[in-house]
Amino acid sequence: MTPEHALEIRDLTVELGGRRILHEVGFTVPRGEVVGIIGPNGAGKSTLLSCVYRHIAYQRGEITVDGRELRTLPRRELARLIAAVPQDTPFAFDLTVEDIVAAGRIPHTGAFARNRDHDRGIIDECLRRVNVEHLRHRSAATLSGGERQRALLGRALAQDAPILVLDEPTNHLDLANQEQLLELVHEHTGTSLVAIHDLNLAAEYCDHIVVLRDGAVVTDGPPERVLTPELLHDVFRVRAHVVPHPESGRPHVITSARRVRSGVDAQNSVRQ
Ligand code: ADP
Ligand code: MG
């Protein structure tokens, strides 16, 4: 029987450089859902995701993928289950965009007689889906931030894994590219775990949001339950209005204008 949750994180505790970075973090990622991780800078989002794609080790706790403890999975098998788009991924600059996307097929080739036509078909389709077909022979060194990010998502999609893990994939992207990228994540038929800086994008594209602060989970739930003015004040230290988006009805965060926040500033602005 397949477990109901694609990913389960329990009591995850991580120490780095002698400091405890994550404290007993726990939540579940239901199969087929997009789960967003939000939290201020330094809250531990990247550390948490690095544990999930096993770039760093955790001291205590458990992460189970399809009911199996992550640490027991052979690398290749892990790569068939989880495709990652880490933040600021370094890659050799002599690679072309096609090489980057093709790298997503590595976990699938080699173990069995490889089916080149099959792999080629997937690579072509992924180049098309992330809209970098016209760049396929371009060197990675010449890409803009948005093109680079799309190529990395193409690689993750080519990996054809049921779980996608992305660390702030919309950073450095313009508005259209942010939306396009999250649309692709949304269309991914599997499960996604994604750290997102922009709360409105998180509200729009996530089924479920986990809030981290100082390495611990503050709350988690659907966007409309999590994104409240109280939480934004407590966790992000901003005064904000939360209104329903006029089209989607999802919560939309509008921070208070600085001048309105302070009576003194407001008076000064009137005098000027
Ligand atoms: P976020 O992604 O939410 O901004 P991070 O997971 O990158 O947060 O970082 C959480 C905390 O862990 C920060 O205080 C950061 O300085 C610290 N940290 C991250 N990596 C290391 C490391 N290798 N050694 C020591 N501290 C680290
Ligand atoms: Mg981070």
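Residues numbered from 1 in each chain as written. Chains lettered and ligands numbered in written order. Predicted model: local features only at pLDDT ≥ 70, side-chain atom pairs only at ≥ 80, totals over all residues. Heavy atoms only, no water.

Labelled according to an unreviewed UniProt entry, the protein chain appears under the name ABC transporter ATP-binding protein, originating from Actinophytocola gossypii.

(A) Fine view of the sheet that holds strand β7 (residues 163-167). Taken in spatial order, the six strands of this open sheet run β6-β7-β8-β3-β9-β10, and their pairing is mixed. Across the chains shown, the open sheet's two edge strands, defined by having one partner strand only, are β6 (82-85) and β10 (216-221). Taking the axes of each pair of neighbouring strands and ignoring which way they run, one obtains an average angle of 15° across the sheet. Inspection of the sheet shows β6 paired to β7 by four bridges, in the parallel sense. Among the inter-strand pairings, Ala 83 is bridged to a residue of β7, identified as Leu 164. Packing of helix α1 (residues 45-52) onto the sheet brings it into contact with β3 (34-38), β6, β7, β8 (191-195) and β9 (208-213), and relative to β7 it is tilted by some 150°. Most of the contacts of helix α5 (residues 145-158) go to β6, to which it runs at about 175°, and overall it touches β6 and β7. (Pairing = 2+ DSSP bridges. Helix = DSSP H or I, 4+ residues; strand = E, 2+ residues; numbered from the N terminus. Axes fitted to C-alpha atoms, helices over the stretch in contact; angles between N-to-C directions. Contact = heavy atoms within 4.5 Å.)

(B) Structural view of the nonpolar core. Judged by nonpolar contacts, the single largest core of 49 residues is most densely connected at Ile 38, Leu 153 and Ile 209. Considering every element that reaches this core, the biggest residue donor is α5, with six residues. Both domains that meet at this core, namely domain 1 (5-227) and domain 2 (228-272), each give it at least three residues. Leaving out residues up to four positions away in the same chain, Leu 153 has contacts with Val 85, Val 130, Leu 166, Leu 181 and Leu 184. (Core = buried A, V, L, I, M, F, W, Y, C linked by side-chain atoms within 4.5 Å. Buried < 20%, exposed > 50% of the residue type's maximum accessible area, 1.4 Å probe, protein only. Domains from an automatic or database assignment.)

(C) Broad picture of the pairing of β7. Most of β7 is tucked away: five of the five residues are buried. Direction of pairing for β7 relative to β8: parallel, over a ladder of five bridges. Across the sheet, the residue bridging to Asp 167 is Ala 195, located in β8. After leaving β7, the chain enters helix α6 (residues 175-187) and then returns to the sheet as β8, a path that is right-handed. (Right-handed = clockwise from strand over helix to strand, strands pointing away.)

(D) Inspection of the domain arrangement of the protein chain at higher detail. As assigned here, the protein chain comprises domain 1 (5-227) and domain 2 (228-272). Placing the centre of domain 1 and that of domain 2 at their C-alpha centroids yields a distance of 31 Å. Taken together, the 18 residues of domain 1 in the interface contact 14 residues of domain 2. Roughly 1300 Å² of surface becomes buried between domain 1 and domain 2 when both sides are summed, with 61% attributable to carbon and sulfur atoms. The largest per-residue losses of area from domain 1 upon contact with domain 2 belong to Asn 200, Glu 204 and Leu 227, which jointly make up 41% of the total buried on that side. Summed over the shared surface of domain 1 and domain 2, the result is zero salt bridges. Across the domain 1-domain 2 interface, the total number found is six residue pairs in polar contact (both at pLDDT 80 or more). For the side of domain 1 that touches domain 2, the secondary structure elements donating two or more residues are α7 (199-205), β9, β10 and α8 (223-226). (Buried area = accessible area lost by both parts, 1.4 Å probe. Salt bridge = Lys/Arg side-chain N within 4 Å of Asp/Glu carboxyl O. Polar contact = N/O pair within 3.5 Å; in protein donor to acceptor, adjacent residues only side chain to side chain.)

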